[in-house]
Amino acid sequence: MATVTLKGNPFQTSGELPSVGSQAPDFTLVISDLSEVTLSDFKGKRIVLNIFPSVDTPTCAQSVREFNAEASKLESTAVICVSQDLPFALARFCGAEGLDQVVTASAFRSTFPEDYGVRMVDGPLTGLDARAVVIIDEQGKVLYNQLVSEISEEPNYDTALKALT
């Protein structure tokens, strides 16, 4: 378990992020057309997993916008924005914002939160995903991870994107 805070109040996650150098856990997530995507669907690409509680909060929405802006500059890289939001809500948000450089994916029927150690297990956001970034290379190895210690803060975009170069 890891500890994160929400406005200074601590609570626990279901585990730890995959460590740098380890093989990334496989995942199955649901995209906007209700089909499923897996880690192997992105084989040969670098992956940025932008993980957050809900796109309906300002900080989460900003992380999707920020990674969308940066994704268009990256070759052979997929940005997957993962939350417990339903695929419809994720698609609605991206459509309204004109965001088309990221893949939005719901973990609502997935073991992803446990496999990546991000499910919050206590506190007011129990059941949602903690804010984190995991970068995976073309061979499925973890290059970078960040569990954002304060849920209301944005991830370190610069450090995450430098891990891709």
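A few points on the structure.

The rules behind each value
Residues numbered from 1 in each chain as written. Predicted model: local features only at pLDDT ≥ 70, side-chain atom pairs only at ≥ 80, totals over all residues. Heavy atoms only, no water. Salt bridge = Lys/Arg side-chain N within 4 Å of Asp/Glu carboxyl O. Buried < 20%, exposed > 50% of the residue type's maximum accessible area, 1.4 Å probe, protein only. Phe/Tyr/Trp six-rings, centres within 6.5 Å; stacked < 30°, edge-to-face > 60°. Helix = DSSP H or I, 4+ residues; strand = E, 2+ residues; numbered from the N terminus.

## Some remarks on the pattern of salt bridges
Think of it this way: side chains of opposite charge can pair up when their charged atoms draw near. Following the criterion strictly, the structure yields four salt bridges and no others. Here Glu70 makes a salt bridge to Lys73, at a shortest N to O gap of 3.4 Å. A salt bridge links Glu114 to Arg119, with the shortest nitrogen-to-oxygen separation between them at 2.4 Å. Classification of Glu114 by relative accessible area gives partly exposed; the value is 38%.

## Things to note about the packing of aromatic side chains
Applying the stated rule across the entire model yields four aromatic pairs. Taking the centre distance of 5.2 Å and the plane angle of 75° together, the rings of Phe67 and Tyr157 count as edge-to-face. With Phe67 in helix H1 (residues 58-71) and Tyr157 in helix H4 (residues 157-162), the pair connects residues that are 90 residues apart, well separated along the chain. Residue class for Tyr157 comes out buried when judged on its relative accessible area of 11%. When the centroid spacing of 4.4 Å and the interplanar angle of 20° are considered together, the rings of Phe112 and Tyr116 count as stacked. Of the two residues, Phe112 and Tyr116, both sit in the buried class. Among the aromatic residues, ring-to-ring pairing joins Phe27, Phe112 and Tyr116 into one connected group.

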